[in-house]
Amino acid sequence: MTSLSASLVRGAVTSPFKHPGRPGATLPTDRLTLPATPAAPGPLAAYRRICGFPAAESGPGPGSGSGSGSASGPLPLTYPHVLAFPLTMRLMTARRFPLPVVGLVHTWIEIVARRPVQSDESLELTLYAEELTPHRRGTEVTMVTEARVAGALVWESRSGYLSRHATTAAGSTREADGSPALPAVAEWQLPGDLGRRYGAVSGDRNPIHLHPLTARLFGFPRAIAHGMWTVARCLAEADGQPGEIRSVRADFRAPVLLPATVTYAADPAGNAFALRSESSSGSGTESGRVHLTGAVTRTS
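Residues numbered from 1 in each chain as written. Predicted model: local features only at pLDDT ≥ 70, side-chain atom pairs only at ≥ 80, totals over all residues. Heavy atoms only, no water.

### Notes on the confidence of the model for the protein chain
Residue-level pLDDT values for the protein chain average 85, and 81% of them are 70 or greater. Low pLDDT, under 50, characterises residues 61-69; the predicted model gives this stretch 17 contacts beyond four residues in sequence or across chains. Across residues 280-286, confidence stays below pLDDT 50; counting only partners more than four residues off in sequence or on other chains, it has 11 contacts. (pLDDT = per-residue confidence, 0-100. Contact = heavy atoms within 4.5 Å.)

This is the structure:
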């Protein structure tokens, strides 16, 4: 059994015994690390394909990795987060982690690249839990992932995960975006097996993404798309030149039930974006249900 599979099993076993909202709950102080290694070309190519990123060119890369003939070019901005997923699962399923991993909802993510990270560079990944925050729907934990090359920080992300439970606290919440609807740019048809396909590539095989039967156990009528797939697909559409986008902030507003037809919308500069289901009027400028909103910064 792989370490990721073991974490998934441990999470399923330990979640019923954890009680979110317990007074005085604290986070483990562990900093988990994966040793420096370049991204494996096969899984990276599969990730690019399913998320819509252009294929990398073959040949000697400019990065610090060894070996010629491997795919070169910048990593997709979201990919270090995927590489660190086994660390995330290991920490979240640890006995000292106060929230049950089963049922955690990914609510937002911020990613900053200090510079473009090349596909053949060896990344050392570090993950830790930063803080617990009261939320009007429960408790939110912030997880931090860092990527270093030769000891220098080159990439980092922060993600919020919500554990829903009864609470009387007037904690933080992210209100719906009241800005005008962005113009439609593209329409995507998402197949019913998207969650299984992305789960095979990313390692995130949460049952809510895999099949209608398993999704119904957690209150969803059908399987839902991975939030990280929706972010990556939007960035693939928005990225003019590979490595041009240096940071992104995305908020997950509502699940995408599969199969689905969704609209990618963006401002003319491509710096603000949204993923939505169109209203019944079919207008390309009127918004229906908003699933994701985000903003990026680019190299100057």
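### Notes on the nonpolar core
M143, L235 and F273 are the most contacted members of the largest nonpolar core, which has 65 residues in total. Looking at this core, the element that brings in the most residues is helix α7 (residues 227-238), giving eight residues. Excluding residues that lie within four positions of it along the chain, F273 makes contacts with L182, C234, L235, V248, Y264, A265, A266, L292, T293, G294, A295 and V296. (Core = buried A, V, L, I, M, F, W, Y, C linked by side-chain atoms within 4.5 Å. Buried < 20%, exposed > 50% of the residue type's maximum accessible area, 1.4 Å probe, protein only. Helix = DSSP H or I, 4+ residues; strand = E, 2+ residues; numbered from the N terminus.)

### A short note on the environment of V102
Considering the arrangement of structural elements, one finds V102 in the loop between α4 (85-92) and β4 (105-113). Put simply, V102 and M92 are 10 residues apart on the chain and 9.8 Å apart in space, counted from C-alpha to C-alpha.

### Describing the pairing of strand β7 (residues 152-164)
Across eight bridges, β4 lies against β7 in antiparallel orientation. Bridge pairing in β7 places W108 opposite G160. One ladder, built from 12 bridges, connects strand β6 (residues 138-149) with β7; its direction is antiparallel. Opposite T139, over in β7, you have S163 as the bridge partner. Hairpin connection between β6 and β7: a loop of two residues separates the two successive antiparallel strands, and A150 in this loop has a positive phi of roughly 55°. (Pairing = 2+ DSSP bridges.)

### Quick look at the packing of helix α2 (residues 41-51) against helix α5 (residues 194-202)
For the pair α2 and α5, interaxial distance at closest approach is 9 Å and the crossing angle is 155°. The angle between α2 and α5 places the two elements in the roughly antiparallel class. Along this stretch, α2 crosses α5, giving a crossing that reads as left-handed. Seen from α2, the contacting residues are P43, A46, Y47, I50 and C51; seen from α5, they are L194, R197, Y198 and V201. Each residue belonging to the contact of α2 with α5 can be placed in one class, and the counts come to eight nonpolar, no polar and one charged. (Axes fitted to C-alpha atoms, helices over the stretch in contact; angles between N-to-C directions. Parallel < 35°, antiparallel > 145°, perpendicular 65-115°, else oblique. Left-handed = near helix turned anticlockwise from the far one by under 90°. Nonpolar A, V, L, I, M, F, W, Y, C, P; charged D, E, K, R; others polar.)

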